[in-house]
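Notes for the structure review
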Amino acid sequence: MKSMKLLMPNGALVAALCTVTACAHQPQSPVTEQGRAFTARDAAETHAAPDVASGVTADRIARARGEPQNWLTYYGTYDGQRYSTLDQVSAGNVKSLKLAWQFQAGVIGLIASPATFAFEATPIVVDGVMYVSGWDGYVWALDAATGKMFWRYRHAIPLDVPLCCGNVNRGVAVASGKVIYATQNGHVVALDARSGTPVWDQVFVDVRAGESATMAPLVVKNMVLVGSSGGEYGVRGHIDAFDIATGRRVWRRYNVPKPGEQGSETWTGNAWQWAGGTAWITGSYDPELNLVYWGTGNPGPDFDGDARPGANLYTNSIIAFNPDDGALKWYYQTTPHDVWDYDGVNENILFDQGGRKLLAHFDRNGYLFVLDRANGQLVRASKFGNRVTWGDIDPTSGKVTVRLTPSAQGTEICPGPAGAKEWPHASYNQQTGLLYTPVMDLCGTFTTSRQDFREGMPYWGGGAAASKEGNRGYVKAIDPATGREAWSHEFPHPVVASTLSTAGGLVFIGESTGEFDALDAKSGELLWSMQTGSGIHSSPITYSVNGKQYVSVASGWGGWMKGFAPELYGETRGSALMVFALP
Amino acid sequence: MHRSSPSRHPTLLAGLALSMIALASCDYVRLLRPSVLKQLNPRVVRLVDELPAVDQQNEAIVGRLFPHGGLAHAEVGKDGVMRSRIHVPPNQFLWEPSVIVMPHGGDLELEFQNEDHNFHMAFLPSTGARQVVELPMHHGGRARIHLDQPGLYWFGCPVANHAGRGMLGLVMVKGDVPADAKLDRPKQRRPGH
Ligand SMILES: [Cu+2]
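Residues numbered from 1 in each chain as written. Chains lettered and ligands numbered in written order. Predicted model: local features only at pLDDT ≥ 70, side-chain atom pairs only at ≥ 80, totals over all residues. Heavy atoms only, no water.

Quick notes on the overall build of chain A
What counts, and what does not: Secondary structure is summarised from DSSP: a helix means a run of H or I of at least four residues, a strand means a run of E of at least two, and numbering begins at the N terminus for each. We compute the radius of gyration over the C-alpha atoms and compare it with the globule rule, which gives 2.2 Å times the number of residues raised to the power 0.38. Exposure is judged per residue with a 1.4 Å probe applied to protein chains only, and the accessible area is read against the type maximum: over 50% gives exposed, under 20% gives buried, and values in between give partly exposed. Every residue pair with non-hydrogen atoms within 4.5 Å of one another is taken to be in contact. Here the Shrake-Rupley method, with its probe set to 1.4 Å, supplies the accessible areas, and only the displayed protein chains count as covering residues. Neither His nor the chain ends is counted toward charge; the positive residues are Lys and Arg and the negative residues Asp and Glu. Charge placement uses NZ in Lys and CZ in Arg. For Asp and Glu, CG and CD serve respectively.
Along its length, chain A carries 5 helices and 40 strands. A compact globule built from 583 residues would reach a C-alpha radius of gyration of about 25 Å, and chain A, at 24 Å, matches this within 12%. Dimensions of chain A along its principal axes, counting C-alpha atoms only, are 85 × 60 × 45 Å. Each of the 583 residues in chain A was classed as buried or not, and the buried ones make up 66%. Considering only contacts in chain A between residues 6 or more positions apart, those separated by 24 or more positions represent 61%. Carbon together with sulfur atoms contributes 50% to the accessible area of chain A, which is approximately 18,300 Å² in total. Of the charged side chains in chain A, 46 are positive and 54 negative; the average position of the first set lies 1 Å away from that of the second.

What follows is the structure, given as structure tokens:
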């Protein structure tokens, strides 16, 4: 018996064991140093950031389009348009765009999800100061004109945090002198915007239940709203509101009802307990209607629909709720009884047309939904995905006809498990009246298998292998008045970066192979391109300092590559924020 | 693996008893209990069998298997601060212990003693900023770190490739999230149950 030999060899065991602490003799040496922050630079060279954030209020964010030098909230404005009126950089001169500065963070030591961490954050810019978050609990405050660091903060993230896809964070919120973000292990942390020191810290998810957090918080009135991640772990998705001044919780709303609550008739048995419906992408807000619009994720288990008969409300839905108490006003379920992991989390773009207050939502299921955002009535559903075989949606009634579902032996279905559009966002250009969306064209083989739920473990009920060949990407310009395509620009791989549209007649987009491109907003023609060195899975923004316009993009490939671009798994990694300007 | 009864091996049994006496004050004696040995599955046995060759520098491999400096529980002080001591023995590229257990989130004060003939540093996880302590040879250092969530955190020596050769360690934070952060649903079964 080999292990016994190890444990009993002539006293060597005793000697070996006695070298360990419990028995060891420890010579004493003088203690010469106390712990200090990791680099000398932390102590000696970082400075307080200028006090620009104390003047940021919800009222000012509501009027953010009037101060285009800043990028005050996740989508730039509450309406989610990702459209800037800055026009110094234009279709005529974008050829001269040059790198102004870059910020690189890299990785030190071991981190959670080391193969899939990615730089996905949207920076916030306030009067010349940029606040940006990263993987593994980082937040940085930088000089937006030079890239010089004012401060950094890091919340320690455990190696075993239950992330679904990657060690990522999509950005911070800024208001009332605070920088607020949700850490991967589910703390909402408010930092003093000048010093980067914590003011309050609240836990809003249970890591032991498989929950995590990745989205950028949304400031509404005196509150900050955050949504949970963990839809692949059989959690119950929720959105929480915290008081910005104190950190006190104001409310929590679950996106899936308990038995007896409205919508519970769309569930059977205990399935509601593992129901999913997470909220891992930031919502948009209409202050006039006093409604917040948020997308909800897939039901659990992802692929085994027999485990949860019914429509499974309010998963894969656009929900409109009152920010004062979280109460649901209306909902529109884009994929009833989802069995393809077509999360409905994607952004909701608010725009007005023909006197109507509308909402546009590019769903992962391959359809663009235009709704009346006052009441949730469907205006039009139109297909924007290239290959969409799972089912059809009637353009006017919205009736869903399912064609293909996962099976025990595997079914080839399009789009693939990450859908026809990843979370990165579309934009709406007020000059052209067009929506610009990134598109993924790939399929997948979807299988089901029966699985018992165990808390903290993935709860897929099957699997989906995305196709590795024939995958393509597009940026498509779509007229929301008709659902028709104005133009389409093809790329060799799925496009998983957000578009940014500007009054300079431009649409900026990042490619999965690292190119950062400017397209003509009218024609889709490629006007400028720069290789950033690593795939782009983030959201470019634009801002200006002292009258000079900058365009920034985070470059750092990662995330759920297996789902959206498996052919690019293992490509070069990066962690650079690159900022461009005219010379 | 063959699970032979200790009673059929009088020599082993005698050795076992002797070791138990020698180690009576030591937590590691628990490893020698037959009840513990019976729980070892073949994969663990293979790991244990491999240890003599990889618990020294430059034997079976160039470095040594980490974290191999044993485990210790941090002691909770009257002030609520948890404390532990970590020792760097000569010629081993090793933290002893290399696994520190915190019973719950909070502040952990670590006191390091470097008895090695090399300059080391302790690079530590902490909320707010990562911390570093320089450990010149035959000197010590102290750091207070804050870890507030259940999970596994990494620490290591950032000098040259000391980490790759064995100077990696883990802090295990036990416990749970606050009650108001938990999901509103009945208690669920966890893996292994
Ligand atoms: Cu060292």
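From this point, the narrative continues.
Regarding the side chain of His489(A)
Residue and element names in this part refer to chain A. Heads up, the rule is: Contacts described as polar in this section are N or O atom pairs within 3.5 Å, which, within protein, must combine one atom able to donate a hydrogen with one able to accept it, while residues neighboring in sequence count only if both atoms come from side chains.
In this structure, His-489 sits in strand S33 (residues 484-491). Only 2.7 Å separates the side chain of His-489 from the backbone oxygen of Gly-524, close enough to count as a polar contact. Ignoring any residue separated from it by four or fewer positions in sequence, one finds His-489 in contact with Gly-473, Tyr-474, Val-475, Leu-519, Gly-524 and Leu-526.

Examining the sheet that holds strand S22 (residues 356-362) of chain A
Residues and elements named next belong to chain A. Using the following cut-off: Pairing between two strands requires that DSSP report at least two bridges joining them. Interaxial angles span 0 to 180 degrees and are taken between N-to-C directions of axes, which are lines fitted to C-alpha atoms, for helices over the stretch in contact.
The strand order S21-S22-S23-S24 describes an open sheet built from 4 strands, whose pairing is antiparallel. Two strands bound the open sheet, and with one partner strand each, they are strand S21 (349-353) and strand S24 (378-383). For this sheet the average axis-to-axis angle between neighbouring strands, irrespective of direction, equals 25 degrees. In terms of strand pairing, strand S23 (residues 367-372) meets S24 through 5 bridges, oriented antiparallel. What sits directly across from Phe-369, in S24, is Ala-381.

Side note on the sheet that holds strand S14 (residues 223-227) of chain A
Residue and element names in this part refer to chain A. What the 4 strands build is an open sheet, ordered S13-S14-S15-S16; its pairing is antiparallel. The open sheet has two edge strands, strand S13 (218-220) and strand S16 (249-254), and neither has a second partner. For this sheet the average axis-to-axis angle between neighbouring strands, irrespective of direction, equals 25 degrees. Sheet analysis places strand S15 (residues 238-243) next to S16, joined by 5 bridges and oriented antiparallel.

Observations concerning the coordination of the copper ion
Residue and element names in this part refer to chain B. Stated formally: Donor criterion used throughout: N, O or S atom within 2.8 Å of the metal, extended to 3.2 Å for Na, K and Ca. Water excluded; incomplete-looking sites may result.
Bound to the copper ion on the protein side are His-120 (ND1), Cys-157 (SG) and His-162 (ND1), at distances that span 1.9 to 2.2 Å. For the copper ion, the single-chain donor residues occur in sequence as H-x36-C-x4-H. Linking His-120 in strand S6 (residues 120-124) with His-162 in the loop between strand S9 (151-156) and strand S10 (168-173), this pair joins segments that are 42 residues apart in sequence. Looking at His-120, the relative accessible area reads 0%, which means it is buried.

Regarding the side chain of Ser538(A)
Structurally, Ser538(A) can be placed in the loop between strand S37 (526-531) and strand S38 (541-545). In this structure Ser538(A) touches Phe119(A), Glu120(A), Ala121(A), Trp423(A), Val496(A), Ala497(A), Ser498(A), Val553(A) and Ala554(A), once residues within four positions along its chain are discounted.

Examining the packing of aromatic side chains
Residues and elements named next belong to chain A. Note the cut-off: Ring pairs shown here join Phe, Tyr and Trp side chains whose ring centres sit within 6.5 Å, with only the six-membered ring taken for Trp; geometry is labelled stacked below 30 degrees between planes, edge-to-face above 60, and tilted in between. For a ring to carry a charge above it, either NZ of a lysine or CZ of an arginine must fall within 6 Å of the ring centroid while also lying within 35 degrees of the normal to the ring plane.
The full count for this structure, using the stated rule, is 36 aromatic pairs over all chains. When the ring of Phe-103 is compared with that of Trp-140, the centres are 5.0 Å apart and the planes differ by 65 degrees; the resulting orientation is edge-to-face. You can see Phe-103 sitting in strand S4 (residues 98-104) and its partner Trp-140 sitting in strand S7 (residues 138-143), a full 37 residues away along the chain. Each member of the pair Phe-103 and Trp-140 is classed as buried. Plain terms: the ring middles of Trp-274 and Tyr-459 are 6.2 Å apart, the flat faces sit at 75 degrees to each other, and that makes the pair edge-to-face. A residue pair is termed long-range when its members are at least 10 positions apart, and Trp-274 in the loop between S16 and strand S17 (284-286) and Tyr-459 in the loop between strand S30 (444-448) and strand S31 (462-466) qualify at 185 residues. For Tyr-459, a relative accessible area of 4% gives the class buried. A network of ring pairs unites the aromatic residues Phe-103, Phe-117, Phe-119, Trp-135, Tyr-138 and Trp-140 as a single cluster. Taking NZ or CZ as reference, Arg-236 lies 4.1 Å from the ring centre of Tyr-254, over its face.

Regarding the state of the cysteines
Residues and elements named next belong to chain A. The following threshold applies: For this text, the term disulfide refers to a pair of cysteine sulfurs within 2.5 Å.
In this structure the tally under the stated criterion is 2 disulfides over all chains. What pairs with Cys-164 in a disulfide is Cys-165, and their sulfur atoms sit 1.9 Å apart. Because the torsion about its S-S bond is -85 degrees, the bridge between Cys-164 and Cys-165 counts as left-handed. One disulfide bridge connects Cys-414 with Cys-443, the sulfur atoms lying 2.1 Å from each other.

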